[in-house]
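Breakdown of the fold
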Amino acid sequence: MKHRLVCARRVPPKVAARMRAEFDAVLQDDRDLTHAEALAALADHKAEALFFHSGFKLDAATIAALPASVRVAATASVGFDHVDLAAAQARGLMVTNTPEVLTGCTADMAFCLLLAAARRLGVFERMIRADAWTPRAMGEGLGVRVWGKTLGIVGMGRIGKAMARRARGFDMNVIYHDLMEMPGEDAEYAPSLAAMLPRCDFLTLHVPLTPQTHHMIDAAALALLPQGAVVVNAARGGVVDEAALRAALASGHIFAAGLDVFEGEPRFDAAWIDRPESVLTPHVASGTFETRDAMGFRALDNIAAVLAGRPAIDPLWS
Ligand code: 8YV
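To keep things clear, this report deals only with the structure shown in the data block. Keep in mind the model is a prediction, meaning the values are calculated, not measured.

Criteria and cut-off values
Residues numbered from 1 in each chain as written. Predicted model: local features only at pLDDT ≥ 70, side-chain atom pairs only at ≥ 80, totals over all residues. Heavy atoms only, no water. Phe/Tyr/Trp six-rings, centres within 6.5 Å; stacked < 30°, edge-to-face > 60°. Buried < 20%, exposed > 50% of the residue type's maximum accessible area, 1.4 Å probe, protein only. Helix = DSSP H or I, 4+ residues; strand = E, 2+ residues; numbered from the N terminus. Pairing = 2+ DSSP bridges. Axes fitted to C-alpha atoms, helices over the stretch in contact; angles between N-to-C directions. Contact = heavy atoms within 4.5 Å. Near = heavy atom within 4 Å. Polar contact = N/O pair within 3.5 Å; in protein donor to acceptor, adjacent residues only side chain to side chain. Areas by Shrake-Rupley, 256 points an atom, 1.4 Å probe, with all protein chains shown as cover. Nonpolar A, V, L, I, M, F, W, Y, C, P; charged D, E, K, R; others polar.

Time to look at the packing of aromatic side chains. Pairs of aromatic rings are described using the distance from one ring centre to the other and the angle between the two planes. For the structure on display, the rule yields five aromatic pairs. Judged by centre distance (5.3 Å) and plane angle (75°), the ring pair of Phe262 and Phe268 falls under edge-to-face. Residue classification places Phe262 among the buried residues on the basis of a relative accessible area of 7%. Taking relative accessible area as the criterion, Phe268 reaches 37% and is therefore assigned partly exposed. Consider the rings of Phe262 and Trp272, whose centres lie 6.3 Å apart with planes at 75°: the pair is edge-to-face. Placement of the pair is Phe262 in the loop between β11 (254-259) and β12 (279-280) and Trp272 in the loop between β11 and β12, with a sequence separation of ten residues.

Judged by pairing direction, the sheet is parallel, and its five strands sit side by side in the order β2-β1-β3-β4-β5 without closing on themselves. Strands with a single pairing partner mark the edges of an open sheet, and in this sheet they are β2 (23-26) and β5 (94-96). The average undirected angle you get between the axes of adjacent strands in this sheet is 20°. Pairing of strand β1 (residues 3-7) with β2 involves four bridges; the strand directions are parallel. Its bridge partner lying in β2, Val6 is registered against Val26. Taken strand by strand, helix α1 (residues 13-22) contacts β1, β2 and β3 (49-52), and its axis lies near 125° from that of β2. Across the face of the sheet, helix α11 (residues 289-307) comes into contact with β1, β2, β3, β4 (72-75) and β5 while running at roughly 165° to β3.

All residues in the neighbourhood of the ligand are listed as His53, Ser54, Ala76, Ser77, Val78, Gly79, Leu102, Arg236, His283, Ser286, Arg292 and Met295. Arg236 has a polar side-chain atom sitting 2.7 Å from an oxygen atom of the ligand. For the ligand, an oxygen atom lies 2.7 Å from a polar atom in the side chain of Ser286. Computed on the free molecule, the ligand has an accessible area of 330 Å², of which 90% lies beneath the protein chains in the complex. A breakdown of the residues in the shell around the ligand according to their chemical character gives four nonpolar, six polar and two charged.

Further remarks concern the sheet that holds strand β8 (residues 188-189). The strand order across the open sheet formed by seven strands is β8-β7-β6-β9-β10-β11-β12, and the pairing between neighbours is parallel. At either end of the open sheet lies a strand with only one pairing partner, and these are β8 and β12. Strand direction decides the pairing type here: strand β7 (residues 173-177) and β8, joined by two bridges, are parallel. In the strand pairing of β8, Tyr176 is matched with Tyr189.

None of this, on its own, says anything about what the molecule does.
Now the structure itself:
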């Protein structure tokens, strides 16, 4: 007998195929389920597992409304700020995430945003598409050099470390700030964010969104960066005070930003449209064929383990 699962979000074809082959699965190929639809499907199907990702909030109200049959909820994401873990734990609901499999592609995209912001990729790309390529003066529309510069990494977890490796490959000097120094890391540790920021030509964020990291990069933090710094965020929008970042871009204090995540996404503050020096992407850092399949498979592996009575591979509480 196959275990019963409801998938609240559209998934890549290979993940859907495996879901259907290994589970008695309810999933829609062409649209996401609303919370009400997901809850109704879980009840109708007497589902034992919920598959979701960071676009689906598993808040306390949703957890309270889950039918008793649901034993595990697997998010296809490494981040879990969309999950009320205390409520899950109180209800005895195992929640799992998908670390490791998305590290490389997320760091690739963060580095891609770093390069694109530094070299004004968005501005030039739009110029060509607008058929507005006119003879350029030697000093016109210049970007900033990346190699030889200092990258400050906030959050030296798996993705932060992968970002450091990429930066070293581009001949950057790497410093990092985290709660603790990482043994064996080939980068200088800055015990305080305030001490690190004035040294960062580039700043990249790789921390989870928590009450402690919310708006950690605010107007005061941005003011500590050197004139002309570049800011990259592929972590969570809420880590940066977006209005303060826009103000720092408008004043020219920050040269450019590369952002994959936004507060309140997929809602998007139209004020960003007036900040052409920024390179903006719609939360796609993990979005490669290979990684999205791997994330889906890892979530299914977690569900299979829990429903078979084995420990979860990636439990968010124990
Ligand atoms: C995904 C993410 O974009 O892993 C995370 O924390 O935010 C992302 O990789 C998202 O969960 C879609 O699957």
